[in-house]
Amino acid sequence: MASETIYSGLIATSTSLTQINIFNGFITVENGKIKQIGTTSELNQLRHSNRLNGYNIVQLHPGQFLMPGLVDCHTHAPQFPNIGLGLDRPLLEWLDKYTFPLEKKYSDTQFAAEVYNKVVRRLLNNGTTTACYFGSLSLEGTLELVQSVIAHRQRALVGKVSMNRHNDAGYYNTTETEIKEVEIFVRKVLEAKNDLVQPAITPRFAVSCDEELMTYLSKIAQKYDCMIQSHISENKGEIQYVLETNPDSQSYSEVYDKSNILNNKCIMAHAVHLSSQEMALLSRRGVSVAHCAASNTRLMSGLCPLRRILASGINVGLGTDVSGGDSASILDAMRRAMDVSQHLQLQGQADAAISWREAFYLATLGGAKALSLADKIGSFEVGKEFDALLINVYKDGGPIDCHDYSVDTTETEVGESMLQKFIYLGDDRNIEKVYIKGVEVKHSL
Ligand SMILES: O=c1[nH]c(=O)c2nc[nH]c2[nH]1
Ligand SMILES: [Zn+2]
């Protein structure tokens with residue numbers, strides 16, 4: 001492929017929570033970066049002045065459009081063998097009964113490599129160009145996840161999970177081992193010098209980590225300028241346990257704040273039951289939230305008040321949260337987020353429902369912001385890296401039929417209808433091509 005490529009056709013990109021720019025035009029990509037964006041008439045002028053010689057041109061057909069790649073802000077790679085299973089218990093029982101026994105197996109690096117290759121391919125197939133992964137407690141096992149991500153050229157944050165509190169499965173380390181292994185993990189990922197992959201500091205949650213460990217982890221994060229990922233306020237039983245084991249703190253958020261992990265490079269999954277004061281604290285600290293509607297429902301954790309979180313000024317992205325969540329697809333996460341928000345509105349919370357436009361933002365630019373990657377990805381802007389999906393809305397054999405009926409009159413209306421159909425009905429069959437930093441990465445599973 002020529003190093004300079006022009007993509008020409010219908011283009012959709014978020015510019016803010018409520019605004020989407022949909023237009024017929026072109027994007028020029030050079031060495032993986034967006035060099036120029038313009039309209040069809042500007043492209044025609046370039047054509048006539050012979051300034052496109054040497055460019056590789058990808059011409060989209062009617063029914064196709066280009067959009068930014070999907071961002072999964074929270075998923076657990078080692079839990080994929082359990083996807084769709086064991087969703088009959090609340091969080092803490094579910095972890096003990098199904099999740100920790102599976103995650104323990106990842107010290108077997110061959111098992112880890114086999115699972116992780118399938119996971120990364122599954123996500124790419126579903127259009128997830130950036131994933132923020134929890135690995136397992138195993139250093140070597142989680143390095144296999146890093147290898148899979150690098151091999152398949154996915155953009156990713158990867159965390160070796162930290163846990164030092166006792167559980168029945170015996171799935172935890174001493175504080176000393178944790179601190180040592182996390183630093184080794186961070187260094188090994190940085191030594192790989194892969195510009196798509198970065199380490200994330202990953203205290204599992206305050207049920208599994210004490211204040212001492214989390215304070216050490218916050219120092220490692222600071223030293224290497226890493227993102228921190230964890231879980232907060234997912235389930236009422238979890239919150240009660242955290243408050244009982246941390247009697248000096250008034251709230252779950254305060255436990256984390258005392259360990260210095262709440263900052264603008266921290267992303268917390270769930271945030272279902274935060275008080276207004278806690279939301280204000282997270283907002284002040286610049287913490288982002290990964291909204292995981294599927295697992296909040298499947299584990300019966302609660303209906304997350306997404307609109308209130310957004311209104312408090314917190315950056316929000318979407319997470320599939322496999323295997324508490326039962327789908328690896330961010331398209332599914334968009335629909336689940338819309339559903340839960342509509343249910344809250346049906347229950348009387350005014351303005352709780354989020355629109356498809358907002359869901360599109362959360363799945364792309366919102367996710368990029370939440371992972372501190374918005375300078376690179378999340379939308380089409382000159383200077384950003386080209387992480388993109390080529391969508392064929394009416395793909396033969398796909399889930400969306402083309403009917404000879406439309407009320408659309410303008411180009412924008414036609415484009416918005418195509419995007420809406422994809423958001424509400426589409427699946428991986430509609431995602432014809434996946435590009436990460438300008439390189440095509442979708443291969444059949
Ligand atoms: O949905 C979840 N999945 C997990 O693996 C987990 N660990 C702590 N809290 C969690 N929540
Ligand atoms: Zn999770």
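Quick notes on the rules
- Residues numbered from 1 in each chain as written.
- Chains lettered and ligands numbered in written order.
- Predicted model: local features only at pLDDT ≥ 70, side-chain atom pairs only at ≥ 80, totals over all residues.
- Heavy atoms only, no water.
- Buried < 20%, exposed > 50% of the residue type's maximum accessible area, 1.4 Å probe, protein only.
- Helix = DSSP H or I, 4+ residues; strand = E, 2+ residues; numbered from the N terminus.
- Arc of directions from axis to C-beta.
- Contact = heavy atoms within 4.5 Å.
- Polar contact = N/O pair within 3.5 Å; in protein donor to acceptor, adjacent residues only side chain to side chain.
- UniProt positions renumbered as here; feature names shortened; annotations may be inferred.
- Near = heavy atom within 4 Å.
- Areas by Shrake-Rupley, 256 points an atom, 1.4 Å probe, with all protein chains shown as cover.
- Nonpolar A, V, L, I, M, F, W, Y, C, P; charged D, E, K, R; others polar.
- Phe/Tyr/Trp six-rings, centres within 6.5 Å; stacked < 30°, edge-to-face > 60°.
- Lys NZ or Arg CZ within 6 Å of the ring centre and 35° of its normal.

Asks: Explanation requested: helix α7 (residues 236-245) in the structure shown.
Replies: Three or four residues apart is the spacing at which side chains of an α-helix point the same way, because the helix has 3.6 residues per turn. Along α7, the positions that sit buried rather than exposed are Glu 238, Ile 239 and Val 242. The buried residues of α7 occupy one face: seen down the axis, they fall within an arc of 100 degrees. Turned more than 90 degrees away from the buried face of α7, the exposed residues are Lys 236 and Glu 244. Of the surrounding elements, those touching the buried residues of α7 are α2 (91-103), β11 (227-232) and α8 (252-258). N-cap assignment for α7: the residue whose side-chain oxygen lies 2.7 Å from the backbone N of Gly 237 is Asn 235.

Asks: What is the right way to read the side chain of Ser 379 from this model?
Replies: Structurally, Ser 379 is set in the loop between α13 (356-370) and β15 (388-392). Within the structure, Ser 379 has its side chain in polar contact with the side chain of Glu 381 (distance 2.8 Å). Sequence-distant contacts of Ser 379, that is, excluding residues within four places in its chain, are made with Thr 13, Ser 14, Pro 68, Leu 365 and Lys 384.

Asks: Please explain the UniProt feature "domain: Amidohydrolase-related" (unreviewed entry) in the protein chain as it appears in this structure.
Replies: UniProt's feature table lists "domain: Amidohydrolase-related" (unreviewed entry) at residues 65-441, given in the numbering used throughout. Summarising residues 65-441: 42% helix, 17% strand, and an end-to-end C-alpha distance of 18 Å.

Asks: Is there a simple way to think about the site of ligand 1 in this case?
Replies: Surrounding ligand 1, one finds His 76, Gln 79, Leu 91, Trp 94, Leu 95, Arg 204, Phe 205, His 231, Glu 234, His 270 and Asp 321. Within the side chain of Gln 79, an N or O atom sits 2.9 Å from an oxygen atom of ligand 1. A distance of 2.9 Å is found between an oxygen atom of ligand 1 and a side-chain nitrogen or oxygen belonging to Asp 321. Coverage of ligand 1 by the protein amounts to 100% of the 280 Å² it exposes when considered alone. With three residues, the single largest contributor to the shell around ligand 1 is α2. Considering only residue class, the shell around ligand 1 consists of four nonpolar, four polar and three charged.

Asks: Quick question: what am I supposed to make of the packing of aromatic side chains here?
Replies: Where two aromatic rings form a pair, the distance of their centres and the angle of their planes describe that pair. Following the criterion strictly, the structure yields nine aromatic pairs and no others. Ring centres of Tyr 7 and Tyr 435 lie 5.2 Å apart, and the angle between their planes is 70 degrees; on these two criteria the pair is classed as edge-to-face. With Tyr 7 in strand β1 (residues 4-14) and Tyr 435 in strand β16 (residues 431-436), this pair connects stretches of sequence that are 428 residues apart. Like Tyr 435, Tyr 7 is buried. Here the guanidinium or amino end of Lys 105 rests over the ring plane of Phe 111, the centre of that ring lying 5.1 Å away.

Asks: Help me understand the environment of Asp 332 in this model?
Replies: Of note, Asp 332 is situated in helix α12 (residues 330-346). The exposure class of Asp 332 is buried, given its relative accessible area of 17%. Once the C-alpha coordinates of Asp 332 and Gly 348 are considered, the two residues, 16 residues apart in sequence, prove to be 25 Å apart. Those residues in contact with Asp 332 that lie beyond four places of it in its chain are Ala 294 and Ser 327.

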